[in-house]
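Working through the structure, step by step
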Amino acid sequence: MKMLVARAGFLTSVQDLGRTGYRQFGVSLGGALDAFALRVANLLVGNEESAAGLEITLGGLQLRFADKRIVAWCGGEFDVRVGSTSLPAGHAALMNAGEELKFNHPRIGCRCWLAISGRIDVPKVLGSRSIDLRAGFGGFEGHPLRDGDSLPLLNLRRSQTVATGRISSWSAPEPWSQTASPNPILQVVRGADWDRFDLSTLQRFTSESFAVSPDSDRMGVRLDGPELRRDNDVDLISEAVAPGTIQVPSSGKPILLLGDCQTIGGYPKIAHVITVDLGIAAQLRAGDHVRFSEVSLADAHRLLLERESELKRFRIGLSLHAV
């Protein structure tokens, strides 16, 4: 079965949970910039959590399906329509053959993740169905979706139905399904080069706000604001970086790395956004303002374990519904 892309929107791409195990070869992790949002959406439609879905940036997407499908989305504050009916974030909905699913431009945030029952059936490249936009491989034929594309979908399992009608009455918790915030605060742990910055610089980093530059993408968010200067300009040996790392180049303007980031970097690493807040970071768009708040590594671990424990209970709750 197929899914027709009537309009591809600003930037829509096939993403799963990323390309793990290849960073030593210089291959980025990639995948959904908010992997947790995609996991939740997949659970809502009865897919495996790792199933490939769509990452939609700034809306404008219009889809039609050749057969009945269940869909769910999580992410920013988008106006999403199944025909003329509004589809809230975190709810599962039944799409009839030929019906249109439309994503309008978001009011807050910039991205959302759509899961489709059966999953998108594109080939795996290096263990993942995600597109690598810079390298031009993976995803659907190595490019973002274009108007008129027709994506293959796997057949549904019998268990994949919506028992409560067209749109489910039950939903995912709002903090999971609506991750965008008008005044985001990202929790960070100290980076490897935290001590290379003086006290006044560190105080500015954790007390003042930064504006998101238009020169941002899936690789990283460039930030304008208080200049962050290190104690000296000694060259550093390039070391491993990861999504969430905040680097400070010689300009003093920090860069928050996202899923498509490089695997090593030579700029000082002042801090690292904790895993549970990476979904909030993925919603930053040009003109937004963001602040940083330091937490301990123990707190970062605790918050992640608590979320995974809550997700386990959510899976059990979903098993009580016919999805």
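This write-up is about the structure you can find in this document. The model shown is predicted, which means the values in this text are computed figures rather than measured ones.

Further remarks concern the overall build of the protein. Each helix and strand in the protein was counted, giving 5 helices and 20 strands. Over its C-alpha atoms the protein spans a radius of gyration of 20 Å, differing by no more than 12% from the 20 Å that the globule rule assigns to 323 residues. Its C-alpha atoms put the protein at 60 × 35 × 35 Å along the principal axes. The buried share of the protein, reckoned over its 323 residues, is 50%. A separation of at least 24 residues holds for 77% of the contacts in the protein among residues at least 6 apart in sequence. Carbon together with sulfur atoms contributes 51% to the accessible area of the protein, which is approximately 14,000 Å² in total. Between the mean site of the 36 positive side-chain charges and the mean site of the 36 negative ones, the protein shows a separation of 6 Å.

Moving on, we get to helix α3 (residues 199-207). Of all the positions in α3, only T201, L202 and F205 are classed as buried. Projected onto a plane normal to the axis of α3, the buried residues spread over an arc of 100 degrees and lie on a single side. Check the buried side of α3 and you find it contacts β12 (185-190), β13 (210-212), β16 (245-247), β19 (269-273) and β20 (289-294).

A word on empty space enclosed by the protein. Over the atoms, a rolling probe the size of a water molecule traces out where space has been left empty. Going through the model one piece at a time under the given rule, you end up with 1 cavity of 30 Å³ or more. Lining the largest cavity are I108, G109, A180, S181, P184, I280, Q283, L284 and D288. Across the lining of the largest cavity, the residue classes break down as 5 nonpolar, 3 polar and 1 charged.

Within the largest apolar cluster, 46 residues are counted, with the highest numbers of intra-cluster contacts made by F205 and I270. Of all the elements, helix α1 (residues 35-45) adds the most residues to this core, at 8 residues. Counting 30 residues, the second largest nonpolar core, distinct from the first, contains F65, L114, L145 and L151.

In total, this model carries 22 salt bridges according to the counting rule given. The closest approach of N and O atoms between D299 and R302, which form a salt bridge, is 3.4 Å. Taken together, the residues D299 and R302, both in helix α5 (residues 297-318) and 3 residues apart, mark about one turn of the helix. Across the pair E306 and R302 runs a salt bridge, and its minimum N-O distance is 3.2 Å. Of this pair, E306 and R302 both sit in helix α5, 4 residues apart, roughly one helical turn. In this structure E306 comes out as partly exposed when scored by relative accessible area, which is 37%. Residues joined by salt bridges that share partners form a network here, namely R39, E49, E308 and R315.

Attention shifts here to the sheet that holds strand β4 (residues 61-65). Taken together, 6 strands build an open sheet; the order of strands is β7-β6-β9-β4-β1-β11 and the sheet is antiparallel. Single-partner strands in this sheet number two, and they are β7 (85-86) and β11 (150-152).

Looking at the element boundaries, T263 is found in the loop between β17 (255-257) and β18 (264-265). The class of T263 is buried, set by a relative accessible area of 11%. Non-local contacts of T263, meaning those with residues more than four positions away in its chain, are made with R23, G26, V27, S28, E239, A240 and V241.

Take the packing of aromatic side chains next. Considering all chains together, one arrives at 9 aromatic pairs under this definition. Look at W176 and F314: their rings are 5.5 Å apart centre to centre, the planes differ by 90 degrees, and that puts the pair in the edge-to-face class. In this pair, W176 is assigned in helix α2 (residues 174-177) and F314 in helix α5, connecting sequence segments 138 residues apart. Taken individually, W176 and F314 each receive the classification buried, so the pair is uniform in this respect. When the ring of F205 is compared with that of F292, the centres are 4.9 Å apart and the planes differ by 15 degrees; the resulting orientation is stacked. One end of the pair, F205, is in helix α3; the other, F292, is in strand β20, with 87 residues separating them in the sequence. With relative accessibility at 2%, the residue F292 sits in the buried group.

Let us now look at α1. Here α1 lies mainly inside the structure; 10 of its 11 residues are buried. Among all positions in α1, only F36, A37, L38, R39, V40, A41, N42, L43, L44 and V45 are buried. Contacts from the buried residues of α1 go to β2 (11-15), β3 (53-57), β5 (69-77), β10 (108-116), α2 and α5. Just beyond α1, the residue with positive phi is G46, at close to 90 degrees.

Cut-offs and rules
The written sequence of each chain sets the order in which its residues are numbered from 1. It should be noted that, the model being predicted, local features are given only for residues of pLDDT at least 70 and side-chain atom pairs only at 80 or more, the latter also being counted only at that level, while totals for whole chains, interfaces and linings use all residues. Think of the side-chain values as coming from all heavy atoms in the structure, minus any hydrogens and water. Strands are runs of DSSP state E lasting at least two residues, helices are runs of H or I lasting at least four, and both sets are numbered from the N terminus onward. It is over C-alpha atoms that the radius of gyration is taken, and the globule rule equals 2.2 Å times the number of residues to the power 0.38. Exposure categories follow from relative accessible area, calculated using a 1.4 Å probe and restricted to protein chains: below 20% of the type maximum is buried, above 50% is exposed, and the middle band is partly exposed. Only heavy atoms enter the contact rule, under which two residues are in contact if any of them lie within 4.5 Å. Only the protein chains shown count as covering a residue, and every accessible area follows the Shrake-Rupley method with a 1.4 Å probe. Under this rule, positive means Lys or Arg and negative means Asp or Glu; His and the chain ends count for nothing. The location of each charge is read from NZ of Lys, CZ of Arg, CG of Asp or CD of Glu. When we speak of the arc, we mean the arc of directions from the helix axis to the C-beta atoms. Cavities and pockets are defined on a 1 Å grid built over the protein atoms alone: a cavity is a set of grid points where a 1.4 Å probe fits but cannot escape, while a pocket is an open set with protein on both sides within 12 Å along at least five of seven lines, and lining residues are those with an atom within 4 Å of any such point. Grid points are joined across faces, edges and corners, and a volume is the space filled by probe spheres set on the points. All residues other than Ala, Val, Leu, Ile, Met, Phe, Trp, Tyr, Cys, Pro, Asp, Glu, Lys and Arg, Gly among them, are scored as polar; the first ten of these are nonpolar and the last four charged. For our purposes a nonpolar core is just a set of buried Ala, Val, Leu, Ile, Met, Phe, Trp, Tyr and Cys residues, chained together by side-chain atoms within 4.5 Å. Counted as salt bridges are all cases of a side-chain nitrogen of Lys or Arg within 4 Å of a carboxyl oxygen of Asp or Glu. Strands were regarded as paired on the criterion that DSSP finds at least two bridges between them. In this analysis, rings of Phe, Tyr and Trp, with Trp reduced to its six-membered ring, are considered paired at centre separations within 6.5 Å, and the interplanar angle assigns stacked below 30 degrees, edge-to-face beyond 60, and tilted for intermediate values.

The quantities given are spatial measurements derived from coordinates; they are silent on function.
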